[in-house]
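Chain residues, written in single-letter form:
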Amino acid sequence: MTAAIQCNHASKSFRESVRNTENAGSDHNGQRALGRIVDFVMPSRVTVEAVKDVSFEVERGEIFGILGPNGSGKSTLIRMISTLLIPDSGTVRVFGRDVVADRLEVRRYINRVSVEAAFFKKLSAMENLEYAARLYGLEPREGLRRAREILARLGFPDSKVNVSLENLSRGMQQKVAIARALMTAPVALLLDEPTTGLDPVSKRDVQDFVLEVCNTHDTTVILTTHDMEEADRLCDRIAVINNGEFVAVDSPENLKDRYANGNGHLPTLEEVFFRLTGRSPDEWEIEGDDQ
Ligand SMILES: Nc1ncnc2c1ncn2[C@@H]1O[C@H](COP(=O)(O)OP(=O)(O)OP(=O)(O)O)[C@@H](O)[C@H]1O
Ligand SMILES: [Mg+2]
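Residues numbered from 1 in each chain as written. Chains lettered and ligands numbered in written order. Predicted model: local features only at pLDDT ≥ 70, side-chain atom pairs only at ≥ 80, totals over all residues. Heavy atoms only, no water.

Undergrad: When you look at the overall build of the protein in this model, what are you seeing that I'm missing?
TA: Of regular secondary structure, the protein possesses nine helices and 12 strands. When burial is assessed residue by residue, the protein has 44% of its 291 residues classed as buried. About 15,300 Å² of surface is accessible on the protein, with carbon and sulfur atoms providing 47% of the total. (Helix = DSSP H or I, 4+ residues; strand = E, 2+ residues; numbered from the N terminus. Buried < 20%, exposed > 50% of the residue type's maximum accessible area, 1.4 Å probe, protein only. Areas by Shrake-Rupley, 256 points an atom, 1.4 Å probe, with all protein chains shown as cover.)

Next up, the structure:
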């Protein structure tokens, strides 16, 4: 059977424009005008290899985590899978459909949540969700019922459902983004830091909801997070990405087993992450430490 999501040697680079701000300009005596900051008009061009030759498959119903430091390429990868970025080379397929050639079909399979979620900021949470319900083809009354149910489930305050989004806290906006992605039972969910900025209780609510959706609808999930406990709790398998490259792909248990030492000390996922990304805190250098 075809894997739900397949990345085959996918790569993506960006030409990053850099603004040079220099202490430039001189007075009529040829001396530097101190304190005058002038923007360079000509930007220098730097190429960033955001994702380098990444290959992996996610099975239907699997929750696949992507962990990596800031700027390691997680969002770029998610954006390629969700058809928002075109890979420079390699292929990405969702249920056998190519993200470039069959873009619209792929979009029908996928719901995505990201921190920079696009909304009508002047409209309220409820209005945004009603709009989404219409797009998904839900009957209006059913859409309303579903929106209320999910918001309540995520602990979104009832008193805020009619407040325009621009007047909501970041965490509340994040909940609306999650609610929108779960208005229908999606075939594939791409969650780019879904719980970043949420309080601990809300985090739990979201995690439980994701698990429930997966268990009841066999939804395939790709999730990025900086929360190691969350990854450990939710993910069937985890990929660790560093500088655009996958440095490990395995179940959380196997990843920890890899770095178990002879004294029976099983590292936490965080310790494994430090090891794999070369960001070891000093104390982590001490092998066999019981801390
Ligand atoms: N549109 C863009 N134009 C230029 N460079 C980009 C663009 N998007 C991402 N990059 C660069 O690509 C690299 C990977 O960025 P990406 O957003 O994928 O990282 P990330 O792993 O999601 O990081 P974070 O944990 O901070 O969300 C970074 O060096 C970033 O500066
Ligand atoms: Mg990101």
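Picking up where we left off.
Undergrad: Sorry if this is basic, but what is going on with the confidence of the model for the protein here?
TA: Detailed reading of the predicted coordinates is not advisable wherever pLDDT falls low. Averaged over every residue, the pLDDT of the protein is 87; the share at 70 or more is 86%. Here residues 283–291 is a poorly scored stretch, pLDDT under 50, and it has 12 contacts once near neighbours within four places are set aside; other chains count. (pLDDT = per-residue confidence, 0-100. Contact = heavy atoms within 4.5 Å.)

Undergrad: Help me understand the pattern of salt bridges, please; the structure alone is not making it clear to me.
TA: Any two side chains of opposite charge can pair, so long as their charged atoms come close to each other. Taken as a whole, this structure holds 12 salt bridges when the rule is applied. One salt bridge connects R97 with E105, and the closest N-O pair in it is separated by 2.8 Å. Judged by relative accessible area, E105 falls into the partly exposed class, the value being 27%. Across the pair E149 and R146 runs a salt bridge, and its minimum N-O distance is 3.1 Å. Of the two residues, E149 and R146 are both situated in helix α4 (residues 140–153); the distance of three residues between them amounts to about one turn of the helix. (Salt bridge = Lys/Arg side-chain N within 4 Å of Asp/Glu carboxyl O.)

Undergrad: Whenever I open this one, the site of ligand 1 confuses me. Can you help?
TA: Near ligand 1 there are 14 residues, and of these G71, K74, S75, T76 and H226 occur at the shortest range. In the model, an oxygen atom of ligand 1 is placed 2.9 Å from a nitrogen or oxygen of the N70 side chain. The separation between an oxygen atom of ligand 1 and a polar main-chain atom of G71 is 2.7 Å. With the chains in place, 65% of the 630 Å² that ligand 1 exposes on its own is no longer accessible. (Near = heavy atom within 4 Å. Polar contact = N/O pair within 3.5 Å; in protein donor to acceptor, adjacent residues only side chain to side chain.)

Undergrad: Got a minute to help me understand the side chain of N111 in this structure?
TA: Looking at the element boundaries, N111 is found in strand β8 (residues 110–114). Here A181 takes part through its backbone oxygen, which lies 2.7 Å from a polar atom of the side chain of N111. Beyond its immediate stretch of four places on either side in the chain, N111 contacts Y136, A181, T184, P186, A188, L189 and L190.

Undergrad: Looking at this model, I keep getting lost on the state of the cysteines. Mind explaining?
TA: Here is the idea: a disulfide is a covalent bond, and it sits between the sulfur atoms of two cysteines. Enumeration over the complete set of coordinates arrives at zero disulfides. Counting only cysteine sulfurs, C235 is the nearest neighbor of C214, a cysteine outside any disulfide, at a range of 9.8 Å. (Disulfide = S-S within 2.5 Å.)

Undergrad: Can you walk me through a nonpolar patch on the surface in this structure?
TA: On the surface, a cluster of nonpolar side chains totalling about 390 Å² of accessible area is made up of F120, L123, Y131 and L135. Within the secondary structure, L135 sits in helix α3 (residues 125–135). Using a relative accessible area of 63% as the deciding quantity, one classes L135 as exposed. (Patch = residues over 30% accessible without salt bridge, like charges linked within 9 Å, V, L, I, M, F, W, Y side chains within 5 Å.)

Undergrad: Would you mind showing me how to read the pairing of strand β9 (residues 188–192) here?
TA: Put simply, side chains in a regular strand alternate between the two faces of the sheet. A large share of β9 lies buried, amounting to five of its five residues. Side chains of β9 alternate between two faces, with A188, L190 and D192 and L189 and L191 buried alike. Bridge count between β8 and β9: five bridges; the pairing is parallel. Directly across from S114, in β9, lies its bridge partner D192. In terms of strand pairing, β9 meets strand β10 (residues 220–224) through five bridges, oriented parallel. Bridging from a neighbouring strand, L189 pairs with V221 of β10. As for the winding sense of the linkage, the β-α-β connection from β9 through helix α6 (residues 200–217) to β10 is right-handed. (Pairing = 2+ DSSP bridges. Right-handed = clockwise from strand over helix to strand, strands pointing away.)

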